[in-house]
Structure formats: structure tokens, C-alpha cells
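Tertiary structure, described
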Amino acid sequence: MLVLGIETSCDETAAALVTDKREICANVVLSQLDEHAPYGGIVPEIAARSHIEHLDGLIARAMKDAGATFGDLDGVAATAGPGLIGAVMVGLMTGKAVAGVHDLPFAAVNHLEGHALSARLGDADLEFPYLLLLISGGHCQLLLVEGVAKYKRLGTTIDDAAGEAFDKAAKLLGLGYPGGPAIERAAKGGDAARFDLPRPLKGRKGCDFSFSGLKTALLHKVQALEDGLDNTLRADLAASFQQAVADVVIDRCQNAIKSFRAAYPDGRFLVAGGGVVANSLLRARLKTLAEKSGLSLALPPLALCTDNAAMIAWAGIERLSLGLEEDLNAVPRARWPLDSTAAPPPGVGRAGKLGPKA
Ligand code: KG4
Ligand code: ZN
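Everything numeric in this text was worked out from a predicted model, so none of it was measured.

**Observations regarding the sheet that holds strand β3 (residues 24–31)**
- Pairing is mixed across the open sheet formed by 5 strands, whose spatial order is β3-β2-β1-β4-β5. Pairing within the sheet leaves two strands with one partner each, and these edge strands are β3 and β5 (106–110). Recorded for the sheet is a direction-independent mean angle of 20° between the axes of neighbouring strands.
- Here 7 bridges tie strand β2 (residues 12–19) to β3, and the two strands are oriented antiparallel to one another. Bridge pairing in β3 places Leu17 opposite Ala26.
- Here helix α2 (residues 44–66) sits on the sheet in contact with β1 (2–7), β2 and β3, set at roughly 25° to β2.

Structure, rendered in C-alpha cells:
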């Protein structure tokens, strides 16, 4: 089965061709970073227009890279949410058009399901059920993954997502965007013990996350510097911040492992997905945690951590293989939780109204 995947939920335009034998025949990603940079953040209208401008060309490039024609395809998968609504619409409509014209099965993929299943694209031995840490720019959740389309949320962030916290911290330190890689680079050689930053929710029950207090604490440290920032201070602050985020994430994962064990005494895998999984400190800490807990760790390769269309094509393959085909009426969704039954986290209002982004 050869499936075309399309991803346009945020500021990356992406197209990929993937087979059910886990072969990535093409995987092209175009970042819009430069277009948004003058505005200091992502501008939804610019994102949507840029997707329109580039998506056709990117799909053509992916087809060429794979040496395939539309006639070779067995299906089309496109992200249908959650994300910037105008941006999502571009990829979803394009995917439907390709599927409609060529009379192909279509999968409307939840972007979070793309991240949730991405480790299975690289690892044929990774079986359900598994415990998933989904940690990206828009989301920070722990979930039991019981199968394709079967998710139980154990916890989520009550304020910022981890990637968002990295991005805000980097901005504060004058390190640019995206913040995660910038903080990681700056932290190399920095002293992670120099600044005493809080570990929100660490040691508390449950699997929810909170990062906004950490970001504010970092701001106060920067404001307290009498002579302003220099590169050594930047490195030490970045290292201290990165360490604090990793400590919080590992603490929350420890609690989630207990819930996973209670639900699935024979469950074997700890899995992570999303852009922040590209962070090497977090990867190392997750490895240690998995070893200590007697679980096997499955992490996507770096290229499949941040947003890409190969993970969308793969989620489409998983869905289409189970007969979870959509008609062409699938609608774009700005919010779309993986577990629609999950209660909102403490301190957050009605799900979908005041809740975090998914
Ligand atoms: O999964 P992703 O590409 O987009 C979303 O679905 O949100 O994640 C992007 C996020 C950004 O916040 C970025 O700063 C973060 O992932 N990120 C990292 C690293 N690489 C990307 N965070 C920490 N360390 C990294 N190396
Ligand atoms: Zn993502």
C-alpha cells in the first residue's frame, strides 16, 4: 500500500509517500520560519496563504522523489486538525481533491494521532498497548494507546505546552525561534545547577503538567541580572531551564507508568512523540527511566519528531488498513482531542472552551 500524506496544521508545509512496509519513499518539509520571523510569532493568515502557494509544488516534488505517479497511490491521508483552521483547510481540501479525482480511499488524520503512531513507523516490533508521552509545541499529554483510534488520556498541561515553554524561554533569552533547538544548543556547556528554578507539579499526584510558573521564574532570574545577559549566563540559564523541564516531564512519566502498569500489567513499551522529543537531554532521561522501569523505549527518529507528513501518511496507512476510511465530507477542526471522553485538567474550564489547545 502506497499512501500520500499531507500536513499543513501549523507552519510547516509537508508531503510524503510511505508504504505499509514502513518504507518512506519521499518526505519533504518546507518550513515557513522566515515568513513569520518579522512578526515574532506565527501569523495564521500568512501560514494558510503560504500553504496554498507551496503545497502543490511540494506534492509534485514528493511524487518525483518517490518515482511515483498518482496512479500508483493506494490512498491519501491529510491532517484534518487540530491546528490553525485556515492552515488545516488547505491540506485537507487538497487531500480530498487528490483522493476525489483519482478515486482513492481517504483518511482524515488527527495530527496528534500522527505523533502518537510515529514511533510505529520506525519500529515494526512496537505493539499496542503502550504508554505515550506526546510532547510538542502545542501539546503536552500522557496517554494510554490501546490501538489505532483508541486513546485514554492520563494527563495534560494545565497551561503551556512544553515546546511552547521552550519557545517562550528562548525568546526571553534572545535565542530566537524555534526555541527548543536554540535552548538545547545554548545549554551545551552551561551549568544546569547555577540557577534554582521551580519544578511545577513535581512530586504531586497525577499526570498533568504545568510550565507557565517555570517560564515566569526564568523571567524573574533574567530581570534580576544586574549587568544583563551575556553568553555564559545564557548558557547557564538555558541549561537550568532545560534541566527543570526534563525533571518535570520525568516525574510526570513516573506517575503515568504506575497507571499504565495498573491498566496493563504486561504492557512493555514507553513511547514518545512530538517536536520536543528531538531534545537529547529528554531522550537520555527517558532512556534511563525506561531502563529503571523495565520498559522498552521507542522514540521516533529525529526527522519524525517535529512536524512532517510521513507520520500523517503512516497514520493513514494504519487507519485504512483497519477500514477506517472517511468519505470526502471530513471537516477541518481547530480542536480535536485524541480522547474526547477525558475530563478537563484541574483549574481549566469546560473542555473545548477554555481548555488547552487540543
Ligand atoms: O511537533 P512539533 O513540530 O509541532 C507541534 O505539533 O507543535 O513541535 C514543535 C515544538 C517547538 O515548540 C520546538 O521548540 C520544539 O518542538 N522542539 C524542541 C526541540 N526541537 C523542537 N524542544 C526542545 N528541544 C529540541 N531539540
Ligand atoms: Zn506536531
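**Considerations on the environment of Val245**
- You can see Val245 is positioned in helix α8 (residues 231–263).
- Given the relative accessible area of 3%, Val245 is considered buried.
- Along the primary structure Val245 and Leu214 are separated by 31 residues, whereas in three dimensions their C-alpha atoms are 8.3 Å apart.
- Among residues more than four places away in sequence, those in contact with Val245 are Phe166, Phe211 and Leu214.

**Considerations on the site of ligand 1**
- Taken together, 21 residues are adjacent to ligand 1, and Gly137, Asp167, Gly180, Glu184 and Asp307 come closest.
- In the model, an oxygen atom of ligand 1 is placed 2.7 Å from a nitrogen or oxygen of the Asp167 side chain.
- With respect to ligand 1, the side chain of Glu184 contributes an N or O atom lying 2.7 Å from a nitrogen atom.
- In the complex, the protein chains occlude 89% of the 560 Å² of accessible area that ligand 1 would expose alone.
- Taken atom by atom, the bulk of ligand 1 overlaps the largest pocket.
- Put simply, the parts of the chain that give the shell around ligand 1 at least two residues each are α4 (111–122), α5 (162–172) and α6 (179–187).
- In terms of residue count, the dominant contributor to the shell around ligand 1 is α6 (4 residues).
- Across the shell around ligand 1, the residue classes tally to 6 nonpolar, 12 polar and 3 charged.
- Among the domains, domain 1 (2–118 + 304–321) and domain 2 (127–303) are the pair contributing at least three residues each to the shell around ligand 1.

**Things to note about the environment of Arg61**
- Following the sequence through the fold, Arg61 ends up in helix α2.
- Of the residues examined, Arg61 reaches a relative accessible area of 46% and is grouped as partly exposed.
- For the pair Arg61 and Asn27, spaced 34 residues apart in sequence, the C-alpha separation works out to 9.3 Å.

**Considering the domain arrangement of the chain**
- Here the chain is partitioned into domain 1 (2–118 + 304–321) and domain 2 (127–303).
- Placing the centre of domain 1 and that of domain 2 at their C-alpha centroids yields a distance of 26 Å.
- Counting the surface lost from both domain 1 and domain 2, the interface buries some 1,500 Å², and carbon and sulfur atoms represent 64% of this.
- At the surface where domain 1 touches domain 2, the tally comes to 0 salt bridges.
- At the boundary of domain 1 and domain 2, one finds 8 residue pairs in polar contact (both at pLDDT 80 or more).
- Residue assignment for the side of domain 1 that touches domain 2 shows that the elements contributing at least two residues are α4 and α10 (310–321).
- For the side of domain 1 that touches domain 2, the leading source of residues is α4, giving 6 residues.
- Each residue belonging to the side of domain 1 that touches domain 2 can be placed in one class, and the counts come to 8 nonpolar, 5 polar and 4 charged.

**What about the sheet that holds strand β10 (residues 296–298)?**
- If you trace the 5 strands from one edge of the open sheet to the other, you get β8-β7-β6-β9-β10, paired in mixed fashion. At either margin of the open sheet sits one strand with a lone partner, and together these are β8 (150–156) and β10. Neighbouring strand axes in the sheet, compared pairwise and without regard to direction, differ in orientation by 25° on average.
- Note: strand β6 (residues 130–135) against strand β7 (residues 140–147), 6 bridges, orientation antiparallel. Looking at β7, one finds that Leu132 is bridged to Leu143.
- Along the sheet face, α8 touches β6, β7, β8 and β9 (269–273) and points at about 150° away from the line of β6.

**Considering the coordination of the zinc ion (ligand 2)**
- All of the protein donors around the zinc ion (ligand 2) are His111 (NE2), His115 (NE2) and Asp307 (OD); their distances to the metal are 2.0 to 2.1 Å.
- In this structure, the zinc ion (ligand 2) is surrounded by 4 donor atoms whose angles at the metal cover 94 to 135°, and the resulting shape is irregular.
- Between the donor residues of the zinc ion (ligand 2), the gaps in sequence give the motif H-x3-H-x191-D. With His111 and His115 both in helix α4, this residue pair falls 4 residues apart, about one helical turn.
- The class for His115 is buried, based on a relative accessible area of 1%.

**A few points about empty space enclosed by the protein**
- Tallying each qualifying case throughout the model produces 1 cavity of 30 Å³ or more.
- Here the largest cavity is characterised by a volume of approximately 30 Å³.
- Every residue along the wall of the largest cavity is listed here: Ile135, Phe166, Gln242, Val245, Ala246, Val249, Val276, Asn279 and Leu282.
- Broken down by element, the lining of the largest cavity gets its largest block of residues, 4 residues, from α8.
- By residue class, the composition of the lining of the largest cavity is 7 nonpolar, 2 polar and no charged.

What counts and how
In this numbering scheme, every chain counts its residues from 1 along its sequence in written order. Going through the entries in the order they are written, you letter the chains from A and number the ligands from 1. Totals for whole chains, interfaces and linings use all residues, but because this is a predicted model, local features are given only for residues with pLDDT of at least 70 and pairs of side-chain atoms are given and counted only at 80 or more. Side-chain metrics rest on all non-hydrogen atoms present in the structure, leaving aside hydrogens and water. DSSP-based pairing: two strands are paired if at least 2 bridges between them are found. Secondary structure elements follow DSSP: runs of H or I of four or more residues count as helices, runs of E of two or more count as strands, with numbering from the N terminus. For helices, the axis comes from a line fit to the C-alpha atoms of the stretch in contact; other axes are also lines fit to C-alpha atoms, and the angle between any two N-to-C directions lies between 0 and 180 degrees. The contact criterion used is simple: two residues touch if any of their non-hydrogen atoms lie within 4.5 Å. Only protein chains enter the accessibility calculation, which uses a 1.4 Å probe; a residue whose area is less than 20% of its type maximum is buried, one above 50% is exposed, and one in between is partly exposed. If even one non-hydrogen atom of a residue comes within 4 Å of a molecule or strand, that residue is called near it. Definition of a polar contact: a pair of N or O atoms within 3.5 Å, with one able to donate and the other able to accept a hydrogen when the atoms are protein atoms, and with sequence-neighbouring residues admitted only if both atoms are side-chain atoms. Residue burial considers only the protein chains on display, and all accessible areas are found by Shrake-Rupley using a 1.4 Å probe. Only protein atoms enter the 1 Å grid used here. Points where a 1.4 Å probe fits but cannot escape make up a cavity, open sets with protein on both sides within 12 Å along at least five of seven lines make up a pocket, and a residue lines them when an atom lies within 4 Å of a point. Any molecule with more than half of its atoms within 2 Å of a cavity's or pocket's grid points is counted as sitting in it. When residues are grouped by polarity, Ala, Val, Leu, Ile, Met, Phe, Trp, Tyr, Cys and Pro land in nonpolar, Asp, Glu, Lys and Arg in charged, and all others, Gly among them, in polar. As used throughout, domain bounds are those supplied by an automatic or database domain assignment. Buried area: the accessible area, evaluated with a 1.4 Å probe, that two parts lose upon being put together, summed over both parts. Whenever Lys or Arg places a side-chain nitrogen within 4 Å of a carboxyl oxygen from Asp or Glu, that contact is recorded as a salt bridge. Only nitrogen, oxygen and sulfur atoms count as donors, using a 2.8 Å cut-off from the metal that widens to 3.2 Å for Na, K and Ca. Water is left out, so coordination shells may look unfilled. In this scheme the shape depends on donor count and angles: four donors with every angle between 85 and 135 degrees give tetrahedral, four or six donors with opposite pairs above 155 degrees and others between 65 and 115 give square planar or octahedral in turn, and any other case is irregular. Grid points are joined across faces, edges and corners, and a volume is the space filled by probe spheres set on the points.

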